[in-house]
Amino acid sequence: MSLEYTLEIAGTKKSVTLLATQLSRVLGYQNTAKGVEAFGIQIDIAEPGPLEFKMIEEEFGFGPQISITFRLDKEIDSVIAHTRLLQGCIELLSDSSNDAVLLFNGETIIFLRRNGKFILNLVKGFWTDEVLAVIPIPYEFESIPSI
């Protein structure tokens, strides 16, 4: 059983292969025969489906061009898992100011990036000091309702 997080990114023109290569540069991530992986995390990179595109566009005002799903093993320490997850997300967002949203199970917003600014959702138990250290400053906390 795994926990599923999806990073939806608008405006990117990068191919799946280029994104996988970029992600594999993160410490602990690697390209394998199955795709990109990190200890306790399986990653899938694809274009969003029409329903997914429409939902993100209606909710956040941008249509994602790429959808990266991170499946985290429930058995690994949550701080380690969240830190690795966010390291991957930040790397994928590092060379642009594209709007993006990270969702847990398709409905709980973990963070929203608009115009290069990070808005972190007040998710109980997610944001520890170690996990926050991965997010570039400045950022701000808001209470963002689930979709």
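Small disclaimer: the values here were computed from a predicted structure and weren't measured. (Residues numbered from 1 in each chain as written. Predicted model: local features only at pLDDT ≥ 70, side-chain atom pairs only at ≥ 80, totals over all residues. Heavy atoms only, no water.)

Peer 1: Talk me through the pairing of strand β6 (residues 100-104); I want residue IDs and the actual numbers.
Peer 2: Looking along a regular strand, one sees side chains alternate from face to face of the sheet. Judged by how many residues are buried, β6 sits mostly within the fold: four of five residues are covered. Where β6 lies against strand β7 (residues 108-114), five bridges are found, and the strand directions are antiparallel. Paired with L103 across the two strands is I109, which belongs to β7. Counting the residues in the hairpin turn of β6 and β7 gives three residues, including N105, whose phi is positive at 50°. (Buried < 20%, exposed > 50% of the residue type's maximum accessible area, 1.4 Å probe, protein only. Helix = DSSP H or I, 4+ residues; strand = E, 2+ residues; numbered from the N terminus. Pairing = 2+ DSSP bridges.)

Peer 1: Please provide a residue-by-residue account of the sheet that holds strand β1 (residues 2-10), values included.
Peer 2: Adjacent strands of a sheet pair through backbone hydrogen bonds, lying either parallel or antiparallel. Within the open sheet, the nine strands sit side by side as β2-β3-β4-β5-β1-β6-β7-β8-β9. Their pairing is mixed. A strand with exactly one partner marks an edge of an open sheet, and here the two such strands are β2 (29-32) and β9 (139-142). Direction aside, neighbouring strands of the sheet carry axes that sit 20° apart on average. The sheet contact formed by strand β3 (residues 35-38) and strand β4 (residues 41-46) spans two bridges and is antiparallel. Within the sheet, the bridge partner assigned to A38 lies in β4 and is I41. Where helix α2 (residues 50-60) meets the sheet, it contacts β1, β5 (64-73), β6 and β7, and its direction lies at approximately 110° from that of β6. The sheet contacts of helix α3 (residues 78-93) involve β1, β2, β4, β5, β6, β7 and β8 (117-121), and relative to β5 the element is tilted by about 160°. (Axes fitted to C-alpha atoms, helices over the stretch in contact; angles between N-to-C directions. Contact = heavy atoms within 4.5 Å.)

These figures capture arrangement, not role.
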